[in-house]
Amino acid sequence: MKQHDASPLSDYVEYPAEEMLARSEAFYSDIKRRHSIRKFSDRPVPQTIIENCIKAAGTAPNGANHQPWHFVAIHSAEVKKQVREQAELHERGFYSGRAGEEWLDALKPLGTDDQKPYLEHAPWLIAIFSQKKGGLNAGEKHTNYYVHESVGIATGFLITALHNAGLVTLTHTPKPMSFLSKICERPDDERPYMLLIAGYPAEDATVPKHAQQKKTLDEICTFL
Ligand SMILES: Cc1cc2nc3c(=O)[nH]c(=O)nc-3n(C[C@H](O)[C@H](O)[C@H](O)COP(=O)(O)O)c2cc1C
């Protein structure tokens, strides 16, 4: 491959202005139905759906196209049990003071605590790892760029893909998360980035009022 080799853009689709407006409205209506859910059903979700959503995440823009991420999709009841045990162990310390008063106060309206039954109930846990070293080809150990930003965008794609498929998710960040590296058998130069819980909501799943308050366009955007 030549250094700047490129092919014509062949998969761009232009929509008529009216359709563009309708699509932007429809997407907003759909994505605003996404909520972080903390009570999951144990109904199974086929692996192919998870694979497709991870493939979608893998198309995210990223620094120098090194794609500095790895996804571990956990279905095994035994592994989920280990994740729950370790997460609850760390979260007990967090909620009993390590987090500090200000953080714990900020979490109160969400009603979260150190109990994480969804880590066993949900059909899938997806552990997302970031890679400081890598490259386009497997086994390379070049420096990766904008790792945090890249993995954040890929995680956003993944959450959106799972929502689009009709599943609910929770972004969970037990502190510290290093236990995930061991359980998922990931190398030392990878960092656990986030744990995503995915599945169907439990019948009595709820959405905290606090989380439903989204800032207005005026508050989050300036047009110049
Ligand atoms: C980086 C990050 C970490 C989060 N960690 C947790 C967590 O450990 N436990 C939890 O219950 N929710 C966690 N959340 C979910 C947030 O509480 C939630 O996104 C927020 O309250 C807004 O609610 P919504 O996602 O329903 O819009 C996390 C979200 C993000 C983006």
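Look above for the structure.
Residues numbered from 1 in each chain as written. Predicted model: local features only at pLDDT ≥ 70, side-chain atom pairs only at ≥ 80, totals over all residues. Heavy atoms only, no water.

Enquirer: Got a minute to help me understand the packing of helix α2 (residues 47-57) against helix α6 (residues 147-165) in this structure?
Expert: Angle between the axes and distance between the axes are the two parameters that describe a pair of packed helices. Axis separation between α2 and α6 bottoms out at 8 Å; the angle between their running directions is 145 degrees. The element α2 and its partner α6 pack so that their crossing is right-handed. Contacts from Ile-49, Ile-50, Cys-53, Ile-54, Ala-56 and Ala-57 in α2 reach Ala-154, Phe-157, Leu-158, Ala-161, Leu-162 and Ala-165 in α6. A per-class count over the contact of α2 with α6 returns twelve nonpolar, no polar and no charged. (Axes fitted to C-alpha atoms, helices over the stretch in contact; angles between N-to-C directions. Helix = DSSP H or I, 4+ residues; strand = E, 2+ residues; numbered from the N terminus. Left-handed = near helix turned anticlockwise from the far one by under 90°. Contact = heavy atoms within 4.5 Å. Nonpolar A, V, L, I, M, F, W, Y, C, P; charged D, E, K, R; others polar.)

Enquirer: What exactly am I supposed to notice about the side chain of Asn-144 here?
Expert: Along the chain, Asn-144 falls in the loop between β4 (142-143) and α6. Judged by relative accessible area, which is 7%, Asn-144 ranks as buried. Polar side-chain contacts of Asn-144 include one of 2.8 Å to the side chain of His-66. From its side chain, Asn-144 meets the backbone oxygen of Gln-131 in a polar contact 2.7 Å long. (Buried < 20%, exposed > 50% of the residue type's maximum accessible area, 1.4 Å probe, protein only. Polar contact = N/O pair within 3.5 Å; in protein donor to acceptor, adjacent residues only side chain to side chain.)

Enquirer: Where do I start with unusual backbone geometry in this structure?
Expert: Trans is the prevailing form of peptide bonds, just as negative phi is the prevailing case for residues other than glycine. The peptide bond linking Lys-175 to Pro-176 adopts the cis configuration, its omega dihedral lying at -10 degrees. Mapped onto the elements, Pro-176 comes out in the loop between β5 (168-172) and α7 (179-183). In the Ramachandran plot, Asn-65 falls in the positive-phi region, its phi being about 55 degrees despite a non-glycine side chain. In this fold, Asn-65 is placed in the loop between α2 and β1 (69-74). Positive phi, normally seen in glycine, also occurs at Gln-67, with a value near 50 degrees. Structurally, Gln-67 is set in the loop between α2 and β1.

Enquirer: Would you explain the packing of aromatic side chains in this entry?
Expert: The geometry of an aromatic ring pair comes down to the distance between the two centres and the angle between the two planes. Under the definition given, this model contains three aromatic pairs. When the centroid spacing of 5.2 Å and the interplanar angle of 75 degrees are considered together, the rings of Phe-94 and Tyr-95 count as edge-to-face. A centroid spacing of 4.9 Å and a plane angle of 85 degrees characterise the contact between Phe-94 and Trp-103, whose relative ring orientation is edge-to-face. What links up through ring pairs into an aromatic cluster is the set Phe-94, Tyr-95 and Trp-103. One residue, Arg-43, lies across the ring of Tyr-200, its end atom 3.7 Å from the ring centre. (Phe/Tyr/Trp six-rings, centres within 6.5 Å; stacked < 30°, edge-to-face > 60°. Lys NZ or Arg CZ within 6 Å of the ring centre and 35° of its normal.)

Enquirer: Which parts of the structure should I look at to understand the nonpolar core?
Expert: For soluble globular proteins, nonpolar side chains are generally found buried alongside one another. In terms of nonpolar packing, the biggest core is built from 23 residues, with Ile-50, Phe-71, Ile-126, Ile-128, Leu-158, Leu-162 and Leu-196 touching the most fellow members. Among the secondary structure elements, those contributing two or more residues to this core are α2, β1, β2 (124-131), α6 and β6 (190-199). Among the elements that make up this core, the one with the highest residue count is α6 (seven residues). What Ile-126 contacts, discounting residues up to four positions off in sequence, is Ile-50, Ile-54, Phe-71, Val-72, Ala-73, Leu-158, Leu-162, Met-194, Leu-195 and Leu-196. Residues Ile-74, Tyr-118, Ile-183 and Cys-184 belong to the second largest nonpolar core, which totals 21 residues. (Core = buried A, V, L, I, M, F, W, Y, C linked by side-chain atoms within 4.5 Å.)

Enquirer: Just to check I follow, could you spell out the side chain of Thr-155 for this structure?
Expert: Looking at the secondary structure, you find Thr-155 in helix α6. For Thr-155, a relative accessible area of 3% gives the class buried. In this structure the side chain of Thr-155 is engaged in a polar contact, spanning 2.7 Å, whose partner is the backbone oxygen of Val-151. Aside from chain neighbours lying at most four places away, what touches Thr-155 is Ile-128, Tyr-193 and Met-194.

Enquirer: For this particular structure, what's the right way to read the sheet that holds β5?
Expert: Each strand in a sheet pairs with another by means of backbone hydrogen bonds, the pair being arranged parallel or else antiparallel. As summarised here, the arrangement of the four strands in space is β1-β2-β6-β5, forming an open sheet in which the pairing is antiparallel. This sheet does not close on itself; its edge strands, each paired only once, are β1 and β5. The sheet shows a mean angle of 25 degrees between the axes of neighbouring strands, direction not considered. Two strands pair when backbone bridges link them, and β2 and β6 are joined in this way by eight bridges, in the antiparallel orientation. (Pairing = 2+ DSSP bridges.)

Enquirer: Just to check I follow, could you spell out the site of the ligand for this structure?
Expert: Every one of the 13 residues lining the ligand counts as a neighbour, but Arg-34, Ser-36, Arg-38, Thr-173 and Lys-214 are closest to it. Between Ser-36 and the ligand, the recorded distance is 2.5 Å, taken from a side-chain N or O atom to an oxygen atom. Between the ligand and Lys-214 there is a distance of 2.6 Å, counted from an oxygen atom to a side-chain nitrogen or oxygen. Out of a free accessible area of 620 Å², the ligand has 69% covered by protein chains. Of all the elements, β5 adds the most residues to the shell around the ligand, at three residues. Each residue belonging to the shell around the ligand can be placed in one class, and the counts come to four nonpolar, six polar and three charged. (Near = heavy atom within 4 Å. Areas by Shrake-Rupley, 256 points an atom, 1.4 Å probe, with all protein chains shown as cover.)

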